[in-house]
Amino acid sequence: MSSRLRVFFIDNAVAILILLLIAFALPVAKLPASFLIQEILMRLGRDTFLVLALLLPIMAGMGLNFGMVLGAMAGQLGLIFISDWGIVGIPGLLLAMIISLPISVVLGWMCGMIMNRAKGREMVTGFILAFFMNGIYMMIVLYAMGSIIPIINPELLLSRGYGIRNVVGLDGVRQAFDNLIPLHVAGLKIPVFSYLIIAAGAALLIWFRSTKLGQDMRAVGQDRGVSASAGIPVERTRILAIMISTVLAGIGQIIFLQNLGTINTTSSHEQIGMFSIAALLIGGASVTKASIPNVIIGVILFHLLFLVSPMAGKNLIGSGMLGEYFRQFVSYGVIALALVLYEWKRVTRENDARATLRGGGAA
Amino acid sequence: MTARSLIQRSCALLGLLALSAFLFYIGKGHTLLVDTAAVTIDGREYSSAETVSVSIDGREPESMGRAERTMAQVGGPRHRITIEVVSGGGQKVEQRFVIPTFLDTALVSVPAILGGAPRQHWVTKFVAPAAEDAPAEEMQQQEQSTVLAAPPAIKP
């Protein structure tokens, strides 16, 4: 029994730690329940799709896709173009998604190709690749747009005549998805259409798992060698997992930014990967296993902690900035903890297996 | 790649392009300047009532006097305008109009719609008035800078 309890605590260490932090911060923050529920409802609609984008690479054994930032960049480019052309409402968002699609596919393919050359180190490769692509994205947005890529709307351009301004307002598409099906329950606004998109995305992922390609991804995730022996094109399957993840991340970033109503051209995409991965890990996922409940629980817990920590910090030491630092600490800390636990469990499992082979039983 | 998959992929690509064009058409945003100033069309003058209430696409009606202009942001080519004459008569007109896709700012003439002018005169391209060569503020600034730039008189 004690062994099972130990395994449970180790498996859910991140979620338990966050729950303890929330249990401590919630009474200190003294935030009204209605405010917290409203914010969680909005943030659930805003962030969940982005976190869903992480599931397929985990299924294919490629770990947490830090390269999802590439998809977020593609989504932002789509939004910049529709802002320039003045396309508003739902058609504007759908057009942004279509524009982001080929960019995400190309970036995902490139990311997958590189990850195939760095098997076993996909996470750090994706992380560094995101930094590298950020430089190219900056070059496109700050130099090519307005000089090589035509930009019609002069309000989007920097005063020097080329390059996109640091902040682009999405007035025409602001909360277009959230307000499409207006529903108010007990004074709480519920973004029904955003939830429907998320439900469609989740249903698509569940269906995808049962397809031939989905089964191939699971097989590749479990053992690359056996999968290759069984005739599964391992490298192609891995590339497809990353490509689909990148496309979903692009769509997710559009859903995320339509809710915020503004793009921070140079930085909106940067922390998306970190926050989405942290949310997934908080929901109980690991580097090798993640599910849709992990996504939903993770987004709720992560944002609950985000909401209460600044106020708790202010009430405790008189400075709301503590909460801001805490957010960064939690995001990076949770990822570090999850990676350490994963590695520790892997080593423990190997040692146990070795000990069993020697006939000494589990260590 | 087989011929069949090539055809399938080409069809999907063409479908996406067609969908993009359709989304562009139905989602293009326009700025509408609803204007109550009198207009002369084919030698006939159309003037607005003293006070009218104007609503675009069922939005909150806005009360407008004579020779006034109000702005509305809309998306897509087809719109509905409801004009109600508040000052006497109680005439209420509801009409539909189309804005050309590449017309960013359109001028919608309330008197033309109320007076039953030909449809092509309801929505026209807005042409911003030409800026004066040297606006008063600019001239004032120039004068100030001249004064500041003048070196102080140094007596030997």
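Note that this is a predicted model, so its numbers are computed, not measured.

Asker: Help me get a handle on the overall build of chain B, residues and values and all.
Answerer: The secondary structure content of chain B amounts to three helices and ten strands. Expressed as a percentage of the 156 residues in chain B, the buried residues total 19%. Within chain B, contacts between residues separated by at least 24 positions form 58% of all contacts whose residues are at least 6 apart in sequence.

Asker: Would you mind going over the overall build of chain A in detail, with residue names and values included?
Answerer: Secondary structure summary: chain A contains 14 helices and four strands in total. Here the C-alpha radius of gyration of chain A, 22 Å, is about what a compact globule of 363 residues would show, namely 21 Å. Each of the three principal axes of chain A carries a C-alpha extent, and together these read 75 × 55 × 35 Å. With 363 residues in all, chain A has 44% of them scored as buried. Counted over contacts in chain A with a minimum sequence separation of 6, partners at least 24 positions apart contribute 72%.

Asker: With reference to specific residues and values, describe the sheet that holds strand 10 (residues 123-125) of chain B.
Answerer: Residue and element names in this part refer to chain B. What the four strands build is an open sheet, ordered 6-1-9-10; its pairing is mixed. Here the strands that pair on one side only, and so sit at the sheet edges, are strand 6 (69-75) and strand 10. Across the sheet, the mean angle from the axis of one strand to that of its neighbour is 30 degrees, orientation sign disregarded. Here strand 9 (residues 105-109) pairs with strand 10 via three bridges, running antiparallel. In the strand pairing of strand 10, valine 108 is matched with valine 123.

Asker: Outline the packing of helix 5 (residues 68-85) of chain A against helix 11 (residues 234-260) of chain A, listing residues and values.
Answerer: Residues and elements named next belong to chain A. Between helix 5 and helix 11, the shortest axis-to-axis distance is 7 Å and the interhelical angle comes to 50 degrees. Of the possible angle classes, the one that applies to helix 5 and helix 11 is oblique. Helix-helix and strand crossings are classified by hand; for helix 5 and helix 11 the assignment is right-handed. Residues Met68, Leu70, Gly71, Ala72, Ala74, Gly75, Gln76, Gly78 and Leu79 of helix 5 touch helix 11, and the partners they reach there are Ser245, Thr246, Val247, Leu248, Ala249, Gly250, Ile251, Gln253, Ile254 and Leu257. Considering only residue class, the contact of helix 5 with helix 11 consists of eleven nonpolar, eight polar and no charged.

Asker: Let's hear about the environment of glycine 89 of chain A: which residues, and what values?
Answerer: Residue position: glycine 89 of chain A is located in helix 6 (residues 89-116). In the structure, glycine 89 of chain A is positioned 180 residues away from histidine 269 of chain A in sequence and 22 Å away in space, judged by C-alpha atoms. Residues contacting glycine 89 of chain A, with those up to four places away along its chain left out, are Gly172, Val173 and Ala176 of chain A together with Gly27 and Gly75 of chain B.

Asker: An account of the interface of chain B and chain A is requested, with residue identities and associated values reported.
Answerer: With eleven residues of chain B at the contact, the number on the chain A side is ten residues. The element best represented in the side of chain B that touches chain A is helix 1 (residues 3-27) of chain B, accounting for seven residues. Here the residues of the side of chain B that touches chain A sort into five nonpolar, four polar and two charged.

Asker: Go over the sheet that holds strand 7 (residues 78-85) of chain B with me, naming the residues and quoting the values.
Answerer: All names here are of chain B. Spatially, the four strands line up as an open sheet ordered 5-4-7-8, and their pairing is antiparallel. At either end of the open sheet lies a strand with only one pairing partner, and these are strand 5 (62-64) and strand 8 (92-98). Ignoring strand direction, the axes of neighbouring strands in this sheet form an average angle of 25 degrees. Of the pairings in the sheet, the one linking strand 7 to strand 8 comprises seven bridges and is antiparallel in character. Bridging across to strand 8, arginine 78 finds its partner in valine 98.

Asker: Got a sec to walk through the pairing of strand 9 of chain B? Specific residues and values, please.
Answerer: Both strand 1 (residues 29-35) of chain B and strand 9 of chain B contribute to a ladder of five bridges, which runs parallel. In the sheet register, leucine 33 of chain B faces strand 9 of chain B, and the bridge partner there is leucine 107 of chain B.

Asker: Quick one: what's the story with the pairing of strand 1 of chain B, residue by residue and with numbers?
Answerer: Residue and element names in this part refer to chain B. Burial runs high along strand 1: five of the seven residues are buried. Where strand 1 and strand 6 come together, seven bridges link them in antiparallel fashion. Opposite aspartate 35, over in strand 6, you have arginine 69 as the bridge partner.

Asker: Pulling in residues and values, what's your account of the packing of helix 9 (residues 212-222) of chain A against helix 11 of chain A?
Answerer: Helix-helix packing: each pair is described by the crossing angle between the helix axes and the interaxial distance. Residues and elements named next belong to chain A. Between helix 9 and helix 11, the shortest axis-to-axis distance is 10 Å and the interhelical angle comes to 110 degrees. It follows that helix 9 is roughly perpendicular to helix 11 by the angle criterion. Contact residues: helix 9 offers Leu213, Asp216, Met217 and Val220, while helix 11 offers Val234, Thr237, Arg238, Leu240 and Ala241. Its residues assigned to classes, the contact of helix 9 with helix 11 shows six nonpolar, one polar and two charged.

Asker: Tell me about the nonpolar core, residues and numbers included.
Answerer: When a protein is soluble and globular, its nonpolar side chains tend to lie buried together. Among the nonpolar cores identified, the biggest contains 99 residues, and Leu54, Met68, Ala278, Leu280, Leu281 and Ile282 of chain A are the most heavily contacted of them. In terms of residues, this core owes the most to one element, helix 11 of chain A, which gives 14 residues. Those residues in contact with isoleucine 282 of chain A that sit more than four places away from it in its chain are Val14, Ala15, Ile18, Gly298, Leu301, Phe302 and Val334 of chain A. Within the second largest apolar cluster, 18 residues are counted, among which are Ala49, Met64, Val108 and Ala112 of chain B.

Asker: I'd like to hear about helix 6 of chain A, residue by residue, with values.
Answerer: Every α-helix carries 3.6 residues per turn, so stepping three or four residues along brings you back to the same face. Under the 1.5 Å per step criterion, the end-to-end length of helix 6 of chain A is 39 Å for 28 residues, consistent within 8% with the ideal 40 Å. Approximately 30 degrees is the largest bend angle found in helix 6 of chain A, and it occurs at leucine 101 of chain A, with the proline proline 102 of chain A only one to four residues beyond.

Asker: Can you explain unusual backbone geometry? Please cite residues and give values.
Answerer: Residues and elements named next belong to chain A. The phi dihedral of lysine 30 is positive, around 55 degrees, even though this residue is not glycine. With respect to the secondary-structure elements, lysine 30 resides in the loop between helix 2 (13-29) and helix 3 (33-52). A residue is classified by how many C-beta atoms lie within 10 Å of it, and lysine 30, with 10 of them, is exposed.

Asker: Requested: an account of the environment of serine 319 of chain A, with residues and values cited.
Answerer: Note on placement: serine 319 of chain A falls in the loop between helix 13 (292-317) and helix 14 (321-358). Setting aside its immediate chain neighbours within four residues, serine 319 of chain A contacts Gly313 and Lys314 of chain A.

Asker: Kindly report on the confidence of the model for chain B, identifying the contributing residues and their values.
Answerer: Residues and elements named next belong to chain B. When pLDDT is averaged across chain B, the result is 85; 83% of the residues are at 70 or more. Summarising per-element confidence for chain B, the mean pLDDT is lowest in helix 3 (residues 136-149) (50) and highest in helix 1 (95). Interface predicted TM-score (ipTM) for the complex: 0.86; the corresponding pTM is 0.88.

Procedures and definitions
- Residues numbered from 1 in each chain as written.
- Chains lettered and ligands numbered in written order.
- Predicted model: local features only at pLDDT ≥ 70, side-chain atom pairs only at ≥ 80, totals over all residues.
- Helix = DSSP H or I, 4+ residues; strand = E, 2+ residues; numbered from the N terminus.
- Buried ≥ 20, exposed ≤ 12 C-beta atoms within 10 Å, placed from the backbone.
- Contact = placed C-beta atoms within 7 Å.
- Rg over C-alpha atoms; globule rule 2.2 N^0.38 Å.
- Pairing = 2+ DSSP bridges.
- Axes fitted to C-alpha atoms, helices over the stretch in contact; angles between N-to-C directions.
- Parallel < 35°, antiparallel > 145°, perpendicular 65-115°, else oblique.
- Left-handed = near helix turned anticlockwise from the far one by under 90°.
- Nonpolar A, V, L, I, M, F, W, Y, C, P; charged D, E, K, R; others polar.
- Core = buried A, V, L, I, M, F, W, Y, C linked by C-beta atoms within 7 Å.
- Expected span 1.5 Å × (residues − 1).
- Bend = angle between axes of the 7 residues up to and from the residue.
- pLDDT = per-residue confidence, 0-100.

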